[in-house]
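For reference, the chains in residue letters:
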Amino acid sequence: PTISNPVASPTITITYTVTVTSPAGCTDTDDITITVNPLPTVVATANNITCSGGTVQLNATGAVSYVWTPPTGLNNPNISNPVATITASTIYTVTGTDANGCVNTDTAAAVVYQLSIPICMVTVDTVSVYNQIVWDKPVATNIDSFRIYREITSNNFQVIGVVPYSAYSVYV
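Conventions used here
Residues numbered from 1 in each chain as written. Predicted model: local features only at pLDDT ≥ 70, side-chain atom pairs only at ≥ 80, totals over all residues. Heavy atoms only, no water. Helix = DSSP H or I, 4+ residues; strand = E, 2+ residues; numbered from the N terminus. Buried < 20%, exposed > 50% of the residue type's maximum accessible area, 1.4 Å probe, protein only. Contact = heavy atoms within 4.5 Å. Areas by Shrake-Rupley, 256 points an atom, 1.4 Å probe, with all protein chains shown as cover. Pairing = 2+ DSSP bridges. Core = buried A, V, L, I, M, F, W, Y, C linked by side-chain atoms within 4.5 Å. Polar contact = N/O pair within 3.5 Å; in protein donor to acceptor, adjacent residues only side chain to side chain. Patch = residues over 30% accessible without salt bridge, like charges linked within 9 Å, V, L, I, M, F, W, Y side chains within 5 Å. Salt bridge = Lys/Arg side-chain N within 4 Å of Asp/Glu carboxyl O. pLDDT = per-residue confidence, 0-100. Axes fitted to C-alpha atoms, helices over the stretch in contact; angles between N-to-C directions.

### Digging into the overall build of the protein
Inference 1: The helix and strand inventory of the protein stands at zero helices and 14 strands.
Inference 2: Written out in order from the N terminus, the α and β elements of the protein read β-β-β-β-β-β-β-β-β-β-β-β-β-β.
Inference 3: When burial is assessed residue by residue, the protein has 20% of its 172 residues classed as buried.
Inference 4: Relative to all contacts within the protein whose residues are 6 or more apart in sequence, the contacts with residues 24 or more apart total 43%.
Inference 5: For the protein, the computed accessible surface area is about 11,700 Å², with 56% contributed by carbon and sulfur atoms.

This is the structure we're talking about:
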């Protein structure tokens, strides 16, 4: 264009040349290179399933600074690895900014396991001296297995076993 202040929005790194002509017909040129940096590859994860009021560890990689939303329940929404204390399943979005100021986002789901009624009893097996978990097996056609969880910290659970629906309702 023949204007004094053009606006460029390149999608790749490019060099522009400007030529200036004086009223006397003298010309001069100059180059300017616009560098287009790639977006950071921001990856967000959440580990563990928790009960209401429990905690989930969030993690983000791929940038140098982070902002998590929603911030409610996070110990610090401006770090790569906040801990979320949640009462309902929540999808968190993290916005990561790299050293060039480029920004990208990703999401991670923190899941709250809703227990409707107690369904098991824990006893000590007198033969093996290990904990024995026994539960009532509901009559249902849409259950393929039961997951056995262990509380690893207060209200934070980890799967330790899976028992098929067709098996005995005991886990040792």
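### Topic: the sheet that holds strand 9 (residues 103–112)
Inference 1: Taking strand neighbours across the sheet as the criterion, the six strands line up as 6-8-9-4-13-12 in an open arrangement whose pairing is mixed. Every interior strand has two partners, whereas the edge strands, strand 6 (65–69) and strand 12 (145–153), have only one.
Inference 2: Bridge count for strand 4 (residues 49–50) against strand 9 is two bridges, and the pairing is parallel. Residue pairing across strands places I49 opposite V111, the latter belonging to strand 9.

### So, the nonpolar core
Inference 1: Among the nonpolar cores identified, the biggest contains 16 residues, and L58, W68, I86, Y92 and V94 are the most heavily contacted of them.
Inference 2: Elements with a contribution of two residues or more to this core: strand 5 (54–61), strand 6, strand 7 (83–86), strand 8 (90–97) and strand 9.
Inference 3: In contact with V94, other than residues within four places in its own chain, are V42, A44, A60, Y66, V67, W68, N104, T105 and D106.

### Examining the side chain of D98
Inference 1: Among the secondary structure elements, D98 is positioned in the loop between strand 8 and strand 9.
Inference 2: The buried category is assigned to D98, whose relative accessible area is 15%.
Inference 3: Of the polar contacts made by the side chain of D98, one reaches the backbone nitrogen of N100; its length is 2.9 Å.
Inference 4: Non-local contacts of D98, meaning those with residues more than four positions away in its chain, are made with P38, P40, A63 and V64.

### Let's talk about a nonpolar patch on the surface
Inference 1: A surface patch of nonpolar side chains, amounting to about 300 Å² of accessible area, comprises I14, Y16, I32 and I34.
Inference 2: If you list the elements that add at least two residues to the nonpolar patch, you get strand 1 (14–21) and strand 2 (27–34).
Inference 3: Take I14: it is sitting in strand 1.
Inference 4: A relative accessible area of 31% means that I14 is categorised as partly exposed.

### Overview of the confidence of the model for the protein
Inference 1: Summing up the model confidence of the protein, the mean pLDDT is 84 and the portion of residues at 70 or higher is 83%.
Inference 2: The spread of mean pLDDT over the elements of the protein runs between strand 14 (residues 170–171), the lowest at 63, and strand 6, the highest at 98.

### Some remarks on the sheet that holds strand 3 (residues 43–47)
Inference 1: Taken together, the three strands give an open sheet; going across it, the order is 3-5-7, and neighbouring strands pair in antiparallel fashion. Of all strands in the sheet, those bounded by a partner on one side alone are strand 3 and strand 7. This sheet shows a mean twist of 30° between the axes of neighbouring strands, independent of strand direction.
Inference 2: Here four bridges tie strand 5 to strand 7, and the two strands are oriented antiparallel to one another. Along strand 7, the bridge assignment pairs Q57 with V83.

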